[in-house]
Amino acid sequence: MLRYFRKKKIYPQMNIHEYQGKSILKSFGVRIQEGIVADTPEQAVEAAKQLQAETGTGWWVVKAQIHAGGRGKGGGVKLAKSLDDVKSLSEQIIGMQLITPQTGPQGKKVNKVLIAQDVYYPGESKTSEFYMSVLLDRAKGRNIIMYSTEGGMDIEEVAEHTPEKIFKEEIDPKVGLQGFQARKIAFNLGLSGDAHKDMVKFVAALYKAYEATDSSMFEINPVLKTSDNKILAVDAKVNLDENALYRHADIAAMRDESEEDPTEVEAGKSSLNYVKLDGNVGCMVNGAGLAMATMDIIKLAGGEPANFLDVGGTASAKTVEAAFHIILKDPNVKAILINIFGGIVRCDRVAQGVIDAYQNIGNIPVPIIVRLQGTNAVEAKKLIDESGLKVYSAIQLKDAAELVTKVLA
Ligand code: GDP
Ligand code: MN
């Protein structure tokens, strides 16, 4: 959980599609496998014709655009050797529920395909696939370029079975990526001649794209050496730092909310930090640390948290109401535990907020346990107890946990 929490919330990230990542790369001079995105099979055929006119390609790859990797394994990347193939493969892929090792068992619906030029022609024997990513190494506080000759495969597997095949190059923030580092990378990948020169350019442009966009990760798997010794990006997985998006309106506009959890999107609009989980006790807490502790308490009491929800420092009636709406969308929720520490915010005001929100929403079908501690906690408990609503109050966390156990029984 902590790992997930860190990944998603303390360092919030935005993901984009492969075709969008490639357009960013191209704008920084990184050579890419060219492609055109399509929403329908008819558009896909037009895209294929246009690519043929622009690049001379006679074969194409039809690539499902979803926010998850491993698409090839799941049947979301297919080679088309004719325009008829482009049409029938697009018909097959658009609208499919694509299941990959990264989507979970329910898969993800494909709304768009990228029609890309075939870059492996005239045969895979003369091509090589590498792995390369640029990311922030948080322990070192530096950007690193991670790369390997074992491209195209699951990098986690390479890391597990043959870790010696993964190289890392640390970038000194004072001076940036140095020429000798790019040359070392090309050398370690076994390249010479034109391919070596092209890789040096590729690495420099990739690093520039990563830095200039405030990304937290650019992962290119595979990086391809074509049969005529050109280096290009076949795939692009990009994570952007959400906190820096205000500086990149063009990239922020690439957000595809249909790829994100709808409840999390709605929570974001009310400035609530919400992560859906699989349990039965909804929780509403002020402060991320207290929210984590509350989840532990719920587990100790024999329940399972249905969500992580931090309503922020100032839990007003409005935020409490928005939080109720979001928690109640989850049909698994059998009880709600509200745990507020009144430091800056006074407990009696939060209590009034809970009462107001409850009355505005009308009939809330599950029991609510409110634990308020801190400034004016006693007044707050009195307000709740006298409200006549189906709300249980507690001041001690232990009492709140016992109440959870009782209402779930
Ligand atoms: P991922 O499975 O989601 O990582 O999607 P990729 O974009 O990495 O594509 C998966 C695999 O499809 C690659 O590893 C390649 O082996 C293959 N592939 C991608 N582009 C081409 C192409 O132009 N021609 C051929 N023959 N295969 C390709
Ligand atoms: Mn890939």
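What comes next is a walk through the structure. Just so it is clear, the model here is predicted, and its values are computed rather than measured.

## Observations concerning the layout of surface pockets
Here the second largest pocket is characterised by a volume of approximately 260 Å³. Along its surface, the second largest pocket is lined by 15 residues, and Q117, D118, V119, Y121 and T226 are the ones closest to its centre. Residue classes in the lining of the second largest pocket are distributed as four nonpolar, seven polar and four charged.

## Structural notes on the site of ligand 1
Taken together, the neighbourhood of ligand 1 is formed by 18 residues, with K63, R71, G72, D118 and V119 sitting nearest. Note that an oxygen atom of ligand 1 is positioned 2.6 Å from one of the side-chain N or O atoms of K63. Taking N221, its main chain carries an N or O atom lying 3.1 Å from an oxygen atom of ligand 1. Here ligand 1 has 570 Å² of accessible area as a free molecule, and 82% of this is covered by the chains. Listing elements by their share of the shell around ligand 1, those giving two or more residues are strand 3 (60–64) and strand 11 (215–225).

## Overview of unusual backbone geometry
Excluding glycine, a negative phi dihedral is what most residues carry, and trans is how most peptide bonds are arranged. Residue N221 is joined to P222 through a cis peptide bond whose omega torsion reads 5°. Here P222 shows up in strand 11. Its identity is not glycine, yet S271 carries a phi of approximately 55°, on the positive side. Tracing the sequence through the fold places S271 in the loop between helix 9 (262–269) and strand 14 (273–276). Given a relative accessible area of 63%, S271 falls into the exposed group. Here N376, not a glycine, exhibits a phi torsion of approximately 60°, which is positive. Structurally, the position occupied by N376 is in the loop between strand 18 (368–374) and helix 13 (377–385). Take N376: its relative accessible area is 27%, and that puts it in the partly exposed class.

## Quick word on the coordination of the manganese ion (ligand 2)
Any two of four tetrahedral donors ideally make an angle of 109.5 degrees at the metal, while pairs among six octahedral donors ideally make 90 or 180 degrees. Taken together, N221 (O) and D235 (OD) make up the protein donors of the manganese ion (ligand 2), found 2.2 Å from the metal. Taken together, the residues span a long stretch of sequence, with N221 in strand 11 and D235 in the loop between strand 12 (231–233) and strand 13 (237–241) at a distance of 14 residues. We note that N221, like D235, is buried.

## Digging into the nonpolar core
A general tendency of soluble globular proteins is for nonpolar side chains to be buried together. If you look at the biggest cluster of nonpolar residues, it comprises 38 residues, and the most contacted ones within it are L25, M132, I145, M199 and F202. Elements with a contribution of two residues or more to this core: helix 2 (18–27), strand 8 (128–137), strand 9 (142–148), helix 6 (179–188), helix 7 (193–212), strand 11, strand 12 and strand 13. With nine residues, helix 7 is the largest single contributor of residues to this core. Residue contacts for M199: discarding those within four places in its chain leaves F130, M132, A186, L189, L191, V223 and I231. Ranked by size, the runner-up nonpolar core spans 33 residues in total, among them L309, A323, V333 and V345.

Quick notes on the rules
- Residues numbered from 1 in each chain as written.
- Chains lettered and ligands numbered in written order.
- Predicted model: local features only at pLDDT ≥ 70, side-chain atom pairs only at ≥ 80, totals over all residues.
- Heavy atoms only, no water.
- 1 Å grid on protein atoms, 1.4 Å probe; cavity = no way out; pocket = protein on both sides within 12 Å on 5 of 7 lines; lining within 4 Å.
- Points joined across faces, edges and corners; volume = space filled by probe spheres on them.
- Nonpolar A, V, L, I, M, F, W, Y, C, P; charged D, E, K, R; others polar.
- Near = heavy atom within 4 Å.
- Polar contact = N/O pair within 3.5 Å; in protein donor to acceptor, adjacent residues only side chain to side chain.
- Areas by Shrake-Rupley, 256 points an atom, 1.4 Å probe, with all protein chains shown as cover.
- Helix = DSSP H or I, 4+ residues; strand = E, 2+ residues; numbered from the N terminus.
- Buried < 20%, exposed > 50% of the residue type's maximum accessible area, 1.4 Å probe, protein only.
- Donors = N, O, S within 2.8 Å, 3.2 Å for Na, K, Ca; no water.
- Core = buried A, V, L, I, M, F, W, Y, C linked by side-chain atoms within 4.5 Å.
- Contact = heavy atoms within 4.5 Å.

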